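Chain by chain, the residues:
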Amino acid sequence: MRKPYVILIGSASGIGKSTIAAELAKTLNIKHLIESDFLRAVVRGIIGKEYAPALHSSSYDAYKSIRNKSRYESYDELIAAGFDDHASYVIPAVEKVIQRAITDYDDIVIEGVHLVPGLIDTEQFEDEANIYFFVLSSDEESHKERFVKRAVQIHRGGKQLDFFKENRIIHDHLLAQAKANDVHVINAESVDKTLEKILSVINKSCTTIKLTNSVDELEDVINIIITENNGCLEKITYNLKGFKEPLMRNINVSDSESAQKFIKNINEDESKKEYLEELYKLSEYRQTTICASSREKIDKIISQLNERGYVLNE
């Protein structure tokens, strides 16, 4: 019997994790979808406010229950500490739900702000389940737009509008924790694009091709792989003339925003562009590992790169 899927999707409030989690469960035909907010409500019924004031607060204002606030050097640290304290009461319930799903051989998607990398121990389940952990990110402007829209839609989020700054701090804290604990960070764009990026990790299909594009053509290559097809540039290997060992770079770029920043940086910094051009001259081609959500998508990417003459066909 195959190991069940356990998919965790965390983010700050207002990023879109509930919508993405629902679409993901539907796409993968997973019947069990649980919000960590429901688990928090159960835990609140067991642990009283007098014993756990942070639990009975919201994630964005749990810092108010911290007794010795002066030991934190900044407001950001204080918010993050209160948030972690709040989430830590929910984590054991999340882990119990995961264990029950594994025992019953059920696939499950769990989403919520309480899924904090580093606090939840996913390693204990790795031998028994296919564990996937994602944290969704967003630029501040898009986050604020979604945050306001969500507060209006749920008819109980008016109070949250006064705490966007705190939710933004939680957003940055979750990203930092994800980076520190090797958890996938997915930039939340449209639902379709975000879903495909997540599926490209779960249903990962990769191949290595030899690219011969110039530095000026690099933007077009990245657009084909990432922007148009939601693929990922995972690794580049340069076989340099005169060097015994190849130069390998793990880049793992999967979102359009990061890719465009890289291209802009190259185009605006002549020294970096000249360095890359010299590197290209020293290598006849670049062995490039690309990944996507399916073999069909990989074939489409290769076909488009071939049409532009960027692939070395031997």
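Structure's up top.
### Some details on the pattern of salt bridges
Turning to step 1, where the next piece is worked out: Counting across every chain of the model gives 9 salt bridges.
Turning to step 2, where the next piece is worked out: The residue Arg100 makes a salt bridge to Asp104 at a minimum N-O spacing of 2.7 Å.
Turning to step 3, where the next piece is worked out: Overall, the relative accessible area of 55% leaves Arg100 in the exposed class.
Turning to step 4, where the next piece is worked out: Between Asp220 and Arg308 there is a salt bridge, with the nearest N and O atoms lying 2.5 Å from each other. On the criterion of sequence distance, the pair formed by Asp220 in helix 8 (residues 218–228) and Arg308 in the segment after helix 11 (295–307) is long-range, its members being 88 residues apart.
Turning to step 5, where the next piece is worked out: Classification of Arg308 as partly exposed rests on a relative accessible area of 41%.

### What to know about a nonpolar patch on the surface
Turning to step 1, where the next piece is worked out: A cluster of nonpolar side chains, namely Val148, Val152 and Leu161, defines an oily patch on the protein surface of about 230 Å² accessible area.
Turning to step 2, where the next piece is worked out: Of the residues examined, Leu161 reaches a relative accessible area of 38% and is grouped as partly exposed.

### Section: helix 6 (residues 164–180)
Turning to step 1, where the next piece is worked out: With 17 residues, helix 6 should reach 24 Å at 1.5 Å per residue; the first-to-last C-alpha distance of 24 Å fits that figure.
Turning to step 2, where the next piece is worked out: Taken as a whole, helix 6 has its buried residues at Phe164, Glu166, Asn167, Arg168, Ile169, Ile170, His171, His173, Leu174 and Ala178.
Turning to step 3, where the next piece is worked out: Check the buried side of helix 6 and you find it contacts helix 3 (75–88), strand 4 (130–137), helix 5 (140–153) and strand 5 (184–187).
Turning to step 4, where the next piece is worked out: Of the residues one or two after helix 6, Asp182 is the one with positive phi, at around 55 degrees.

### Here's the deal with the sheet that holds strand 7 (residues 232–240)
Turning to step 1, where the next piece is worked out: If you trace the 4 strands from one edge of the open sheet to the other, you get 6-9-7-8, paired in antiparallel fashion. Two strands close off the open sheet at either side, each with one partner strand: strand 6 (205–211) and strand 8 (247–253). Pairs of neighbouring strands in the sheet enclose a mean axial angle of 15 degrees, with direction left out of account.
Turning to step 2, where the next piece is worked out: Sheet analysis places strand 6 next to strand 9 (residues 283–292), joined by 7 bridges and oriented antiparallel.

### As for unusual backbone geometry
Turning to step 1, where the next piece is worked out: Even without a glycine there, the phi angle at Asp182 is positive, about 55 degrees.
Turning to step 2, where the next piece is worked out: Residue position: Asp182 is located in the loop between helix 6 and strand 5.

### Some thoughts on the state of the cysteines
Turning to step 1, where the next piece is worked out: Applying the stated criterion across every chain, the model contains 1 disulfide.
Turning to step 2, where the next piece is worked out: Across the disulfide from Cys206 sits Cys291; the S-S distance is 2.0 Å. Looking down the S-S bond of the Cys206 and Cys291 bridge, the torsion is 105 degrees, so its handedness is right-handed. A residue pair is termed long-range when its members are at least 10 positions apart, and Cys206 in strand 6 and Cys291 in strand 9 qualify at 85 residues.
Turning to step 3, where the next piece is worked out: Given a relative accessible area of 31%, Cys206 falls into the partly exposed group.
Turning to step 4, where the next piece is worked out: With no disulfide of its own, Cys232 lies 5.5 Å from the sulfur of Cys291, the closest cysteine sulfur.

### A word on the environment of Glu50
Turning to step 1, where the next piece is worked out: Tracing the backbone shows Glu50 in the loop between helix 2 (36–46) and helix 3.
Turning to step 2, where the next piece is worked out: Taking the relative accessible area as the measure of exposure, Glu50 reaches 62% and is therefore exposed.
Turning to step 3, where the next piece is worked out: Sequence separation between Glu50 and Leu33 is 17 residues, and the spatial gap between their C-alpha atoms is 31 Å.

### Side note on the environment of Gly16
Turning to step 1, where the next piece is worked out: Inspection of the secondary structure assignment puts Gly16 in the loop between strand 1 (5–10) and helix 1 (17–27).
Turning to step 2, where the next piece is worked out: Here Gly16 falls in the partly exposed class, since its relative accessible area comes to 27%.
Turning to step 3, where the next piece is worked out: It is 22 Å that separates the C-alpha atoms of Gly16 and Ser57, two residues lying 41 residues apart in sequence.

### Quick word on the nonpolar core
Turning to step 1, where the next piece is worked out: Residues Ile7, Ile9, Ile98 and Ile198 are the most contacted members of the largest nonpolar core, which totals 58 residues.
Turning to step 2, where the next piece is worked out: With 7 residues, helix 4 (residues 91–103) is the single largest residue contributor to this core.
Turning to step 3, where the next piece is worked out: Once you skip the residues sitting within four places of it in the chain, Ile7 turns out to touch Leu24, Leu28, Ile30, Ile108, Val109, Ile110, Tyr132, Phe134 and Ile202.
Turning to step 4, where the next piece is worked out: Ranked by size, the runner-up nonpolar core spans 27 residues in total, among them Tyr280, Ala292, Ile302 and Leu305.

### Considering the layout of surface pockets
One way to see where empty space is left: roll a probe the size of a water molecule over the atoms.
Turning to step 1, where the next piece is worked out: Empty space within the largest pocket amounts to approximately 860 Å³.
Turning to step 2, where the next piece is worked out: Forming the walls of the largest pocket are 35 residues, and the residues nearest its centre are Ser13, Gly14, Lys17, Ser18 and Arg150.
Turning to step 3, where the next piece is worked out: Those elements giving two or more residues to the lining of the largest pocket turn out to be helix 1, helix 2, helix 5 and helix 7 (191–202).
Turning to step 4, where the next piece is worked out: Each residue belonging to the lining of the largest pocket can be placed in one class, and the counts come to 8 nonpolar, 14 polar and 13 charged.
Turning to step 5, where the next piece is worked out: The space that makes up the second largest pocket amounts to roughly 710 Å³.
Turning to step 6, where the next piece is worked out: Of all the elements in the fold, those that place two or more residues in the lining of the second largest pocket are helix 6, strand 5, helix 7, strand 7, strand 8 and helix 9 (256–268).
Turning to step 7, where the next piece is worked out: For the lining of the second largest pocket, the element with the most residues is strand 5, which contributes 4 residues.

Reading the values: the criteria
Residues numbered from 1 in each chain as written. Predicted model: local features only at pLDDT ≥ 70, side-chain atom pairs only at ≥ 80, totals over all residues. Heavy atoms only, no water. Salt bridge = Lys/Arg side-chain N within 4 Å of Asp/Glu carboxyl O. Buried < 20%, exposed > 50% of the residue type's maximum accessible area, 1.4 Å probe, protein only. Helix = DSSP H or I, 4+ residues; strand = E, 2+ residues; numbered from the N terminus. Patch = residues over 30% accessible without salt bridge, like charges linked within 9 Å, V, L, I, M, F, W, Y side chains within 5 Å. Areas by Shrake-Rupley, 256 points an atom, 1.4 Å probe, with all protein chains shown as cover. Expected span 1.5 Å × (residues − 1). Contact = heavy atoms within 4.5 Å. Pairing = 2+ DSSP bridges. Axes fitted to C-alpha atoms, helices over the stretch in contact; angles between N-to-C directions. Disulfide = S-S within 2.5 Å. Core = buried A, V, L, I, M, F, W, Y, C linked by side-chain atoms within 4.5 Å. 1 Å grid on protein atoms, 1.4 Å probe; cavity = no way out; pocket = protein on both sides within 12 Å on 5 of 7 lines; lining within 4 Å. Points joined across faces, edges and corners; volume = space filled by probe spheres on them. Nonpolar A, V, L, I, M, F, W, Y, C, P; charged D, E, K, R; others polar.

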